[in-house]
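The chain contents come next:
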There are 2 protein chains.
Amino acid sequence: MASSSTVPAGSIGGVETRFLDLPAPLRLDCGRELRSVRVAYETYGTLSPTRDNVILVCHALSGDAHAAGHSASTPDTGTRDGFAAERRDGAGGRTLGWWDGMIGPGKAFDTDRFFVVSTNLLGGCRGTTGPSSADPGTGRPYGSDFPVVTVADMVRCERAFLDELGIERLAAVAGGSLGGMQALQWAVLYPDQVDTIVVIASTHALHPQGIAWNAIAREAIMRDPAWQGGDYYGTGSAPDAGMGVARMVGHITYLSAPALTDRFGRRLQSAGDLRYTLDEPEFEIESYLDHQAASFVRRFDANTYLRLSRALTYFDLAREHGGGSLTRALAGVRARTLLIAFSSDWLYPPSASEEIETALRDLGKPVDYHVIDAPYGHDCFLLEEGRQTPLVRTFLDESRA
Amino acid sequence: MASSSTVPAGSIGGVETRFLDLPAPLRLDCGRELRSVRVAYETYGTLSPTRDNVILVCHALSGDAHAAGHSASTPDTGTRDGFAAERRDGAGGRTLGWWDGMIGPGKAFDTDRFFVVSTNLLGGCRGTTGPSSADPGTGRPYGSDFPVVTVADMVRCERAFLDELGIERLAAVAGGSLGGMQALQWAVLYPDQVDTIVVIASTHALHPQGIAWNAIAREAIMRDPAWQGGDYYGTGSAPDAGMGVARMVGHITYLSAPALTDRFGRRLQSAGDLRYTLDEPEFEIESYLDHQAASFVRRFDANTYLRLSRALTYFDLAREHGGGSLTRALAGVRARTLLIAFSSDWLYPPSASEEIETALRDLGKPVDYHVIDAPYGHDCFLLEEGRQTPLVRTFLDESRA
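What you see is a predicted model, and the numbers here were worked out from it, not measured in a lab.

## So, the sheet that holds strand 8 (residues 95–96) of chain B
Residues and elements named next belong to chain B.
So, step 1. Strand order in the open sheet formed by 3 strands is 1-7-8, and the pairing between neighbours is mixed. For this open sheet the edge positions go to strand 1 (14–15) and strand 8, each flanked by a neighbour on one side alone.
So, step 2. Direction of pairing for strand 7 (residues 70–71) relative to strand 8: antiparallel, over a ladder of 2 bridges. Bridging from a neighbouring strand, His-70 pairs with Leu-96 of strand 8.

Written out as structure tokens, the structure is:
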């Protein structure tokens, strides 16, 4: 930990990502097994003697285990999306966790009370076993042979990981976007082991336009010849061009149109006038997209992107657990549920959270639902810490009362 | 013309695209000149003796001169976007014009009264001089040397073309999307030669999110190694992969999210269950996107796409003609204006048309503005003929009264 004199109020301080190898193979929805799975994780706060204060925080598509505090070991990462990507830590090149505004002493997930655990997802590229990891059967990176994993697979991996830490119950599972899907999946798969779930800017099943955006992003990667069918490791090239396009698509869907107008307008790059070129950015927003794409490909693996994108489009609680009925899928849930959506989020719109709320209410289960009126789009879950914090704190207080 | 027995009521019948070479070079906004410009065009109806019944119809990004009737010569084209792309002519492989529902005897642009002229845009790939045309200086296709053209350049080309037909005044200039931009540009550049403009699902300046979608589509093309900097003609390869992604992006922006939900839902391709693959479509909407991409690359040139996309993001009446003020830009307009927007169009939203209406009203100029409540998004301008028709007919009647 950093010395107290350099730790800002409410900060976790310095942290290191750690690693744990699962002792048993992981059985996947696709029917395959993964052996020798390693999980990258961080923890914040102190585990209570009765182990009843654990919060599992789940990251979204481009996140990692580094959710809070300052990491000295990965200075080049910025695991926040959209406008949030700009909120870097300027202190000595150390990187701020992607949800640092929500996790820490006195924060929404209060490390003075809770032991917060964050893992990199199965299939990831930031320390947990994924397509770029060595296949123990061959010693070479999995590449194209890495299976298509599901949100349920990720959650089973988290379950197996927590078993190793000796943690059986979770006071809460929390996350935004794909992270919120994991929280929902936990409540359905392990109803007796989850006290509460905090599901932010998420859904029980992505709508068709969202499926389309994800499909387009994956196409951009897979149509890049440098992808080489997924076996690009060690070849000296990688599908950076396609990944850049994928990131641009994602980026615009994470933000609202009014936010882009407020931020960039139609301002030109050159002080003067149009340059009548195709290959130089003319508008500020074009230059911004270029920059976002370039910085993303430096820190993220294309094969991981493909699988996490696939997983979040597959996710469909009603289909998987309810024979088409969301109510039936949620019938066994015992966790209290907090749902937060953002008015300007058109990728994970409030309507999806409302459907979950309605299903839980119809079942007579405890659920709180809040829509935060905020302009930034889906990215709000990383930006609107100030307004999420009292909702989360009150919800967790009431759940512990 | 087809014999009357095979012509459906209200149809133009069979048509052929014709070609005209401009006698003088065309001076462009970028400062360059284009020599030996050829224009592809079609006409419908009969020119009046006083030449006062001419309507110029302007196409959008992926259109061409074939706006109405059946073309036997280009059986493989489908120049409509989105859902509209499916409305093909099943009769003997002949292709229906992209605005056939709006142009014909008794239709919105009534060929019993008007002489309707439609040209392929400057920079196009469907007969008018564009990047795939032979540069008269070298005899080889322009490729990367073809200039970046503007909407004003396109309109000047249309002006020069109409000069050759001996047409000075236009009873109307009409179009949707990029076509509507041309109509607005006509009213500003040639105020004394345009009686009315019909501007549908268009804008005086695309909003930043729209700039971003276009930039992403262009990036997808230019990052495809097969693009070869624009000089792919004759090399045996073309940036089909990148064009496909560009088309997918465009396609989703042309439709509304609810329309995609109604049409595709989350239905899977395989009757059974998930296949856990990356490279096969799992959802119906993914298969649909693949199909749209594949059919588009067969009929459209990537270098043309790049230039038309650039032109429609450049277009900005206030910047170009008003020192930043739309009202000043429109001060010289003498045409009566009809604006139509669609409630579900998020790419060219009603707010853009409202800004034009407000500016014209502030100037005391005659303007009609209608928002049609329809669910399909931007594509409505190609789909909602039934509800546009009375608005256009009434407007043109009143203008001729």
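Now, onward.
## Points about the UniProt feature "active site" (unreviewed entry) in chain A
All names here are of chain A.
So, step 1. Mapped onto the present numbering, the UniProt feature "active site" (unreviewed entry) falls at Ser-177, Asp-345 and His-378. Spanning 202 residues, the named residues form one tight spatial group whose C-alpha atoms are at most 10.7 Å apart.
So, step 2. Apart from the residues within four sequence positions on either side, Asp-345 is in contact with Ala-201, Pro-350, Gly-377 and His-378.
So, step 3. Counting through the fold element by element, His-378 comes out in the loop between strand 15 (367–372) and helix 11 (380–383).
So, step 4. With relative accessibility at 2%, the residue His-378 sits in the buried group.

## Here we look at the UniProt feature "binding site: substrate" (unreviewed entry) in chain A
Residue and element names in this part refer to chain A.
So, step 1. The UniProt record marks Arg-247 and Asp-379 with the feature "binding site: substrate" (unreviewed entry), using the residue numbering of this structure. For the residues just named, distributed over 133 residues, the greatest C-alpha separation is only 13.9 Å, placing them together at one site.
So, step 2. In this structure, Arg-247 sits in helix 4 (residues 240–254).
So, step 3. One can find Asp-379 in the loop between strand 15 and helix 11.
So, step 4. According to the relative accessible area criterion, Asp-379 is buried, its value standing at 1%.

## So, the relation of the copies chain B and chain A
So, step 1. Rotating chain B by 180° and moving it 0.0 Å along the rotation axis overlays it on chain A with an RMSD of 0.0 Å. Seen this way, the second copy is the image of the first under a two-fold rotation axis.

## A few points about the interface of chain B and chain A
So, step 1. Each partner contributes residues to the interface: chain B has 58 residues there, and chain A has 58 residues.
So, step 2. The contact between chain B and chain A buries some 4,800 Å² in all, and 69% of this surface belongs to carbon and sulfur atoms.
So, step 3. At the junction of chain B and chain A, the tally comes to 8 salt bridges.
So, step 4. Arg-310 of chain B serves as the salt-bridge partner of Glu-286 of chain A, at 3.0 Å between the closest nitrogen and oxygen.
So, step 5. Taken together, the connections running from chain B to chain A amount to 28 residue pairs in polar contact (both at pLDDT 80 or more).
So, step 6. Among the elements of the structure, helix 3 (208–222), helix 4 (240–254), helix 5 (257–264), helix 6 (284–299) and helix 7 (302–314) of chain B are those that each provide at least two residues to the side of chain B that touches chain A.
So, step 7. No other element matches the 11 residues that helix 3 of chain B contributes to the side of chain B that touches chain A.
So, step 8. Considered class by class, the residues forming the side of chain B that touches chain A number 33 nonpolar, 8 polar and 17 charged.

## Brief notes about the packing of aromatic side chains
So, step 1. This structure, assessed with the given rule, holds 29 aromatic pairs over all chains.
So, step 2. An angle of 45° between the planes, with centres 4.5 Å apart, marks the rings of Tyr-232 of chain B and Tyr-233 of chain B as tilted.
So, step 3. A relative accessible area of 21% places Tyr-233 of chain B in the partly exposed class.
So, step 4. Arg-247 of chain A extends its terminal NZ or CZ atom over the ring of Phe-296 of chain A, reaching a point 4.1 Å from the ring centre.

## Let's talk about the confidence of the model for chain A
Residue and element names in this part refer to chain A.
So, step 1. Put simply, chain A has an average pLDDT of 93, and 92% of its residues get 70 or more.
So, step 2. For the stretch residues 1–5, pLDDT sits under 50, and the model shows 4 contacts to residues farther than four places along the chain or on other chains.
So, step 3. Segment residues 75–82 is flagged for pLDDT under 50; beyond a separation of four residues in sequence, or across chains, it makes 37 contacts in the model.

## Thoughts on unusual backbone geometry
So, step 1. Unlike most non-glycine residues, Arg-51 of chain A shows phi in positive territory, near 55°.
So, step 2. As for its placement among the helices and strands, Arg-51 of chain A is situated in the loop between strand 5 (38–44) and strand 6 (54–58).
So, step 3. A relative accessible area of 36% means that Arg-51 of chain A is categorised as partly exposed.
So, step 4. A positive phi angle is found at Tyr-276 of chain B, which is not glycine, with a value near 55°.
So, step 5. The residue Tyr-276 of chain B is located in the loop between helix 5 and helix 6 in this model.

## Concerning the pairing of strand 13 (residues 196–200) of chain B
Residue and element names in this part refer to chain B.
So, step 1. Counting buried positions over the 5 residues of strand 13 gives 5, a clear majority of the element.
So, step 2. Taking every second residue as pointing to the same face, both faces of strand 13 are buried, with Thr-196, Val-198 and Ile-200 on one and Ile-197 and Val-199 on the other.
So, step 3. Both strand 12 (residues 172–176) and strand 13 contribute to a ladder of 4 bridges, which runs parallel. Considered in strand 13, the bridge of Gly-176 is made with Ile-200.
So, step 4. As for the winding sense of the linkage, the β-α-β connection from strand 12 through helix 2 (residues 178–189) to strand 13 is right-handed.
So, step 5. As judged from the 5 bridges shared by strand 13 and strand 14 (residues 336–342), these two strands associate in the parallel manner.

## Re helix 2 of chain B
Residues and elements named next belong to chain B.
So, step 1. The terminal C-alpha atoms of helix 2, which comprises 12 residues, lie 16 Å apart, in line with the 16 Å expected from a rise of 1.5 Å per residue.
So, step 2. The element helix 2 is extensively covered by neighbouring structure, given that 11 of its 12 residues are classed as buried.
So, step 3. For helix 2, the full list of buried residues reads Leu-178, Gly-179, Gly-180, Met-181, Gln-182, Ala-183, Leu-184, Gln-185, Trp-186, Ala-187 and Val-188.

## Things to note about the sheet that holds strand 15 of chain A
Residue and element names in this part refer to chain A.
So, step 1. Strand order in the open sheet formed by 8 strands is 2-5-11-6-12-13-14-15, with mixed pairing between adjacent strands. Two strands in the sheet have a free side with no partner beyond their single neighbour: strand 2 (18–21) and strand 15. Each neighbouring strand pair of the sheet contributes to a mean axis angle of 20°, computed without reference to strand direction.
So, step 2. Judged from the 6 bridges that link them, strand 14 (residues 336–342) and strand 15 form a sheet pairing that is parallel. Residue pairing for strand 15: Thr-337 is matched across the bridge by Val-367.
So, step 3. Of the strands in this sheet, strand 6, strand 12 (172–176), strand 13 (196–200), strand 14 and strand 15 touch helix 12 (residues 385–400), which is tilted by about 170° from strand 14.

## A short note on the side chain of Asp-135 of chain A
All names here are of chain A.
So, step 1. One can find Asp-135 in the loop between strand 11 (115–119) and helix 1 (151–165).
So, step 2. Buried charge without a partner: Asp-135 forms no salt bridge, and the closest opposite charge is Arg-35, 5.3 Å away.
So, step 3. For Asp-135, the contacting residues outside a window of four places in its chain are Arg-140, Pro-141, Tyr-142 and Asp-145.

## Some details on the pattern of salt bridges
Residue and element names in this part refer to chain A.
So, step 1. In this structure the tally under the stated criterion is 46 salt bridges over all chains.
So, step 2. The salt bridge involving Glu-282 is made with Arg-275; its shortest N-O contact spans 3.6 Å.
So, step 3. Given a relative accessible area of 32%, Arg-275 falls into the partly exposed group.
So, step 4. Ionic pairing is found between Glu-357 and Arg-361, a salt bridge with its closest N-O pair at 3.0 Å. In this pair, Glu-357 and Arg-361 are both assigned in helix 10 (residues 350–362), 4 residues apart and thus about one turn of the helix distant.
So, step 5. Residue classification places Arg-361 among the partly exposed positions, given a relative accessible area of 47%.
So, step 6. Through salt bridges with shared partners, a single ionic network connects Asp-29, Asp-153 and Arg-156.

Each value, and the rule that gives it
Residues numbered from 1 in each chain as written. Chains lettered and ligands numbered in written order. Predicted model: local features only at pLDDT ≥ 70, side-chain atom pairs only at ≥ 80, totals over all residues. Heavy atoms only, no water. Pairing = 2+ DSSP bridges. Helix = DSSP H or I, 4+ residues; strand = E, 2+ residues; numbered from the N terminus. UniProt positions renumbered as here; feature names shortened; annotations may be inferred. Contact = heavy atoms within 4.5 Å. Buried < 20%, exposed > 50% of the residue type's maximum accessible area, 1.4 Å probe, protein only. Least-squares fit on C-alpha atoms with pLDDT ≥ 70 in both. Buried area = accessible area lost by both parts, 1.4 Å probe. Salt bridge = Lys/Arg side-chain N within 4 Å of Asp/Glu carboxyl O. Polar contact = N/O pair within 3.5 Å; in protein donor to acceptor, adjacent residues only side chain to side chain. Nonpolar A, V, L, I, M, F, W, Y, C, P; charged D, E, K, R; others polar. Phe/Tyr/Trp six-rings, centres within 6.5 Å; stacked < 30°, edge-to-face > 60°. Lys NZ or Arg CZ within 6 Å of the ring centre and 35° of its normal. pLDDT = per-residue confidence, 0-100. Right-handed = clockwise from strand over helix to strand, strands pointing away. Expected span 1.5 Å × (residues − 1). Axes fitted to C-alpha atoms, helices over the stretch in contact; angles between N-to-C directions. Lys, Arg positive; Asp, Glu negative; His and termini not counted.

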